Amino acid sequence: MVGEDTFDRGMHVRRTVLGDAHVDRANGNKNEFNTDFQEFISHYAWGEIWTRPGLPKHNRSLITLAMLIPLNKKAEFKMHVKAAFNNGVTIDEIKEVILQSGIYCGLPAANDAMHSAEEVFTDLGIEY
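From a predicted model like this one, the values you see are computed outputs, not experimental measurements. (Residues numbered from 1 in each chain as written. Predicted model: local features only at pLDDT ≥ 70, side-chain atom pairs only at ≥ 80, totals over all residues. Heavy atoms only, no water.)

### A look at the pattern of salt bridges
The final tally for this structure, using the stated rule, is five salt bridges. Aspartate 24 is paired through a salt bridge with arginine 15; the nearest N and O atoms lie 2.8 Å apart. Exposure remark for aspartate 24: the relative accessible area of 43% places this residue in the partly exposed category. Two residues, lysine 78 and glutamate 119, come together in a salt bridge whose shortest N-O distance is 2.6 Å. (Salt bridge = Lys/Arg side-chain N within 4 Å of Asp/Glu carboxyl O. Buried < 20%, exposed > 50% of the residue type's maximum accessible area, 1.4 Å probe, protein only.)

What follows is the structure, encoded as structure tokens:
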């Protein structure tokens, strides 16, 4: 693991998963109101959970996508679709997660996720 403490390791993983541009943008938008939240997610989500050895980042990405679908958090879902490619997730795997979610989370949620994923693919110039 890269970093001397949990926060540093979290920032490293956050950057490898979400990309430098995303993390730099989030850090550049820090202010008195949201700084504590940015540090919270870097420390706990990225430094405590995403760095655990029990699951590879590839699997964590798939699980994260599956959990975001029923929550209907379009922006967060799209961010994690884009990030999933940094963890070796394929378009076919994303499709399978969405199809599986249609059965267990509901077709409207899966339908929205399918459209959101296609928007990300288009934005990234990926043919699907």
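On we go.
### What to know about the nonpolar core
Within soluble globular proteins, side chains that are nonpolar generally end up buried alongside one another. With 17 residues, the main nonpolar core has Leu65, Ile69, Phe77, Val81, Ile94, Ile98 and Ala117 as its most contacted residues. Elements with a contribution of two residues or more to this core: helix 4 (57–71), helix 5 (74–86), helix 6 (91–104) and helix 7 (107–124). Considering every element that reaches this core, the biggest residue donor is helix 7, with six residues. Once residues lying within four places of it in the same chain are set aside, the contact partners of isoleucine 98 are Ile69, Phe77, Ala110, Ala113, Met114 and Ala117. Counting nine residues, the second-largest nonpolar core is a separate cluster that includes Met11, Val23, Trp46 and Met79. (Core = buried A, V, L, I, M, F, W, Y, C linked by side-chain atoms within 4.5 Å. Helix = DSSP H or I, 4+ residues; strand = E, 2+ residues; numbered from the N terminus. Contact = heavy atoms within 4.5 Å.)

### Notes on the packing of aromatic side chains
Each aromatic ring pair is described using two quantities: the centre-to-centre distance and the angle formed by the ring planes. Under the counting rule described, the total for this entry stands at five aromatic pairs. Relative to tyrosine 44, the ring of phenylalanine 40 lies with its centre 5.4 Å away and its plane at 50°, an arrangement referred to as tilted. Residue phenylalanine 40 and its partner tyrosine 44 are both found in helix 3 (residues 35–49); the two are separated by four residues, about one turn of the helix. Ring pairs connect the aromatic residues Phe37, Phe40 and Tyr44, which therefore count as one cluster. (Phe/Tyr/Trp six-rings, centres within 6.5 Å; stacked < 30°, edge-to-face > 60°.)

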